[in-house]
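Structural characterization, general
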Amino acid sequence: MTKTENLVIIGSGPAAWTAALYAARAELNPLVLEGEPQGIMLPGGQLMITTEVENYPGFPDGVTGPELMQKMKSQAERFGTRARMEMVDRVDFSGRPFTLVTRGGDEVRARSVIVATGANAKWLGLPNEERLAQSGGGVSACAVCDAALPIFRNRVLAVVGGGDSAMEEAIYASKFASKVYLIHRRNELRASRIMAERALANPKIEVLWNKAVKEVLGYDQITGLRLEDTVTGERSDLEVGGLFVAIGHTPNTQFLEDQLELTPHGYVKTRSWRTATSVEGVFAAGDVMDDYYRQAVTAAGTGCMAALEAERWLSHEGVGESPVLETADAP
Ligand code: NAP
């Protein structure tokens, strides 16, 4: 006899824990499959490598990313959420109950699923970049999250990238920085015209064309960048007090294979202002379905939406009117 879960939530960032909190309080007895540590990324998502979070409401003195995640997890567990540190390797959404197979080979059956696996910022892949990003040494992949922090204020900052994200990050960082170097590897921006024009017109932003970052300099704190001209090969050092890497994101959807409809950029496609996906009973929340806002608070908001939608859907399917704690189905 294999137990069929009412609701399995895949992920462990703000979207996942908020979904779990709402689902647990609705007595759906949710199971969270949190993932496993992988290189720079830990279960808990992007916030696990964020030192200070100053823009999550309710924390007037700020909170560290890992502490915020621990508090969210504890709050969800207080109402009965069960969490397992396991990675989902593949899913089968072609029939009900849905099947999820973990990396360890366990099969989990679920009446409904919330996919909240987030998106990882792309990094340049330089050793000091990763180290300083983890230690809060002035390297970040999100200016909107971090540029207002004291360590970035009134400093000369650099933003790497030539797409809309880089324009947005540079414009945002310019509010706090004394100057922003926008470093792009080509002599033409990929960004939309309106975003590019806005960045180029900003008096604090200077574009360094045809430049690749070869090394991040500094020990406790970033002090500069070693650049290489992509046309001439010439090397030069640039003094900066902070670096924002804005070269795109990768949504964590690989394990879904072709089971859910995705957007052209690989994010889970949901209905407008809803978290329902192309498969009935499967919902998506947080950065895995949002390539626009990408904030902890918006992820938490969509986690709440997904849990409410899942609860209503399950109730329509006859689950959840009364507390359903355990149901045994034939395998
Ligand atoms: P993107 O459009 O893929 O741009 C990534 C940029 O990073 C490109 O300029 C690319 O250079 C550069 N890059 C990639 N790998 C690099 C590397 N290893 N070293 C140096 N540079 C590297 O990604 P995005 O800017 O995150 O945008 C993703 C999508 O979200 C787009 O559709 C965008 O329009 C949308 N978006 C919209 C807004 C907005 O409208 N407000 C804001 C953010 C994002 P190359 O150009 O040479 O390839």
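Coordinates for the structure precede this section.
Residues numbered from 1 in each chain as written. Predicted model: local features only at pLDDT ≥ 70, side-chain atom pairs only at ≥ 80, totals over all residues. Heavy atoms only, no water.

Details of the pairing of strand E17 (residues 242-245)
- Burial along E17 is two-sided: the residues Gly242 and Phe244 and Leu243 and Val245 are all buried.
- As paired elements, strand E11 (residues 156-160) and E17 share 4 bridges and run parallel to each other. Across the sheet, Ala158 pairs through a bridge with Leu243, a residue of E17. (Buried < 20%, exposed > 50% of the residue type's maximum accessible area, 1.4 Å probe, protein only. Helix = DSSP H or I, 4+ residues; strand = E, 2+ residues; numbered from the N terminus. Pairing = 2+ DSSP bridges.)

Re the nonpolar core
- Residues Ile9, Trp17, Tyr56, Leu68, Ile114 and Phe283 are the most contacted members of the largest nonpolar core, which totals 34 residues.
- Those elements giving two or more residues to this core turn out to be strand E1 (2-10), helix H1 (14-25), helix H2 (65-78) and helix H7 (296-316).
- Ranked by residues supplied to this core, first place goes to H7 with 8 residues.
- With near-sequence residues (within four places) excluded, Ile9 lies in contact with Ala16, Ala19, Ala20, Pro30, Leu31, Val32, Leu33 and Ile114. (Core = buried A, V, L, I, M, F, W, Y, C linked by side-chain atoms within 4.5 Å. Contact = heavy atoms within 4.5 Å.)

A closer look at the state of the cysteines
- Counted by the stated rule, this structure contains 1 disulfide.
- There is a disulfide in this structure between Cys142 and Cys145, and the S-S distance comes to 2.0 Å. Its torsion about the S-S bond being 75°, the disulfide of Cys142 and Cys145 is classed as right-handed.
- Judged by relative accessible area, Cys142 falls into the buried class, the value being 17%. (Disulfide = S-S within 2.5 Å.)

Considering the site of the ligand
- Close contacts around the ligand come from 15 residues, with Asp164, Ser165, Arg185, Arg186 and Arg190 the closest.
- Note that an oxygen atom of the ligand is positioned 3.3 Å from one of the backbone N or O atoms of Gly163.
- The contact in question runs from a nitrogen atom of the ligand to an N or O atom on the side chain of Glu168, over 3.3 Å.
- Isolated, the ligand exposes 910 Å² of accessible area, and the fraction of that covered by the protein chains is 74%.
- The greatest single-element share of the shell around the ligand, amounting to 3 residues, is contributed by helix H5 (residues 164-174). (Near = heavy atom within 4 Å. Polar contact = N/O pair within 3.5 Å; in protein donor to acceptor, adjacent residues only side chain to side chain. Areas by Shrake-Rupley, 256 points an atom, 1.4 Å probe, with all protein chains shown as cover.)

Things to note about the pairing of strand E12 (residues 179-183)
- In terms of burial, E12 is a largely internal element, 4 of the 5 residues being buried.
- In this sheet, E12 lies alongside E11 in parallel orientation, the contact comprising 5 bridges. Residue pairing across strands places Val159 opposite Leu182, the latter belonging to E12.
- As for the winding sense of the linkage, the β-α-β connection from E11 through H5 to E12 is right-handed.
- Relative to strand E13 (residues 205-208), E12 runs parallel, the two sharing 4 bridges. Across the sheet, the residue bridging to Ile183 is Leu208, located in E13.
- For the crossover that starts at E12, traverses helix H6 (residues 193-200) and ends in the parallel E13, the hand is right-handed. (Right-handed = clockwise from strand over helix to strand, strands pointing away.)

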